[in-house]
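A look at the structure
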Amino acid sequence: MSKKWSITVPGSTANLGPGFDSIGLSLNLYLELTVSLAKNWEIIHVSDHLPQDFVIEDHLIYKIAKETAARFKKTLPPCRIEMRSQLPYARGLGSSAAAIVAAVELANLVCDLQLSIQDKLNISSQFEGHPDNATASVLGGLTISQMDEQGIVDTIHVKDIEASFVVFIPTVELKTSEARKVLPAQFDRNYAVRASANANMLAASLISKDYERIGKYMESDLFHEPFRSSLIPNFDEILRTAKQAGAYGTALSGAGPTVISIIPSAIGAQFVSTMKKRFPTHEILLTKADHQGVSIQVLNDVFT
Ligand code: HSE
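Rules of the game
Residues numbered from 1 in each chain as written. Predicted model: local features only at pLDDT ≥ 70, side-chain atom pairs only at ≥ 80, totals over all residues. Heavy atoms only, no water. Salt bridge = Lys/Arg side-chain N within 4 Å of Asp/Glu carboxyl O. Helix = DSSP H or I, 4+ residues; strand = E, 2+ residues; numbered from the N terminus. Buried < 20%, exposed > 50% of the residue type's maximum accessible area, 1.4 Å probe, protein only. Phe/Tyr/Trp six-rings, centres within 6.5 Å; stacked < 30°, edge-to-face > 60°. Lys NZ or Arg CZ within 6 Å of the ring centre and 35° of its normal. UniProt positions renumbered as here; feature names shortened; annotations may be inferred. Contact = heavy atoms within 4.5 Å. Polar contact = N/O pair within 3.5 Å; in protein donor to acceptor, adjacent residues only side chain to side chain. Pairing = 2+ DSSP bridges.

Quick look at the pattern of salt bridges
Counted by the stated rule, this structure contains 10 salt bridges. With a shortest N-O distance of 3.1 Å, lysine 120 and glutamate 105 are connected by a salt bridge. Of this pair, lysine 120 sits in helix α3 (residues 117-128) while glutamate 105 sits in helix α2 (residues 95-110), and the two are 15 residues apart along the sequence. As far as the burial class goes, lysine 120 and glutamate 105 line up, both buried.

Some words on the packing of aromatic side chains
With the rule as written, the count across this model stands at 5 aromatic pairs. Residues tyrosine 211 and tyrosine 248 carry aromatic rings whose centres are separated by 5.9 Å and whose planes lie at 25 degrees to one another, so their mutual orientation is stacked. With tyrosine 211 in helix α7 (residues 211-218) and tyrosine 248 in the loop between α9 (235-244) and β8 (249-252), this pair connects stretches of sequence that are 37 residues apart. Here tyrosine 211 and tyrosine 248 have matching classes, each one buried. A connected cluster of aromatic rings, assembled from ring pairs, spans Phe187, Tyr191, Phe223 and Phe227. The aromatic ring of phenylalanine 127 is capped on one face by arginine 71, whose charged end is 4.8 Å from the ring centroid. Directly above the aromatic system of phenylalanine 279 lies the positively charged group of arginine 278, at a separation of 5.0 Å from the ring centroid.

Topic: the UniProt feature "domain: GHMP kinase C-terminal" (unreviewed entry) in the chain
As recorded in UniProt, the sites labelled "domain: GHMP kinase C-terminal" (unreviewed entry) are residues 203-277. In this annotation, residues 203-277 is assigned 49% helix and 12% strand; the end-to-end C-alpha distance for the span is 33 Å.

Things to note about the environment of glutamate 32
Checked against the element boundaries, glutamate 32 lands in strand β2 (residues 23-37). Along the sequence, glutamate 32 and serine 85 sit 53 residues apart, while their C-alpha atoms lie 6.2 Å from each other. Contacts of glutamate 32, omitting those with residues within four sequence positions, involve Ser6, Ile7, Thr8, Glu82, Met83 and Arg84.

Overview of the environment of proline 78
Position of proline 78 among the secondary structure elements: in the loop between α1 (60-71) and β4 (79-85). Along the backbone, proline 78 and proline 10 are 68 residues apart, and their C-alpha atoms lie at a distance of 25 Å. Not counting residues within four places of it along the chain, the set of residues in contact with proline 78 comprises Leu37, Ala38, Lys39, Asn40 and Trp41.

A short note on the side chain of arginine 91
Residue placement: arginine 91 occurs in the loop between β4 and α2. Reaching out from arginine 91, the side chain makes a polar contact with the backbone oxygen of proline 170 at a distance of 3.0 Å. Within the local environment of arginine 91, its side chain forms a polar contact with the backbone oxygen of valine 172, the two atoms lying 3.0 Å apart. What arginine 91 contacts, discounting residues up to four positions off in sequence, is Ile169, Pro170, Thr171, Val172, Glu173, Gly256, Pro257 and Thr258.

Structural notes on the pairing of β8
Along any regular strand the residues' side chains alternate between the sheet's two faces. In this structure, β8 lies alongside strand β9 (residues 259-263), joined through 4 bridges in antiparallel fashion. By the bridge assignment, threonine 250 is partnered in β9 with serine 261. Here β8 hands over to β9 after 6 residues, with glycine 254 in that stretch at a positive phi of 60 degrees.

Written out as structure tokens, the structure reads:
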């Protein structure tokens, strides 16, 4: 007899403008894994967002779970995993970070690694390469993080962000690796001072929940959006139209190509309806911050 678990991980948006590689916000769009121990490895993709053709040995969940177990000198046993996702792939909604967080949790469960929350923040951010999406997926809510050269993550966790968030998902994919190639390797000092002042003001506005200012500084990024905007369908138009329709502010979601607006919750339905008419080829979703982060449920005991 063995156990069956469900691992649920929220997706996330990163950067919120100038919080580049540091600020993340979990969203109530989820990746869910149903896991049981098995004789052989099996991964079943249940939702449309996930490809049907893949090799288990190349699957991100398998690779990260195996490497996590190996870090603790354990061997990952074969599992049967059903995977459901509301997160479109390569759109800037943290699908890879959510998969990494789920895989770390999988190894933790089936190899009894006894990982602390800090271990999960460190390991998942190290695999992802930056802590913005991964910390938000682990903790839920908003995270402001720094990862040092040893891969140790320091996170300030901000709860109860009461605004709503609207995501504009285009039909095209954009891989983060491609969207990072267009960024300059260096900034001149005056430019870097302005860019980091904007990021400081964004972080301070988020902590003080000053939504008008959050919107203002979300639109002030100098680290990445000026170099990425040409890769993003309708970026300037969405930004302008969202402002007219009552958004506090709009930014690229992570590396894009999804764009995200922060809006007062009271205008949610009207805002979405206006924007759907204006941008009919985008999938436009009204979301909120997730409040829980990664969660595990023991489903039942199953006979194998
Ligand atoms: N901070 C990352 C970027 C998020 O903007 O490239 C995407 O992983």
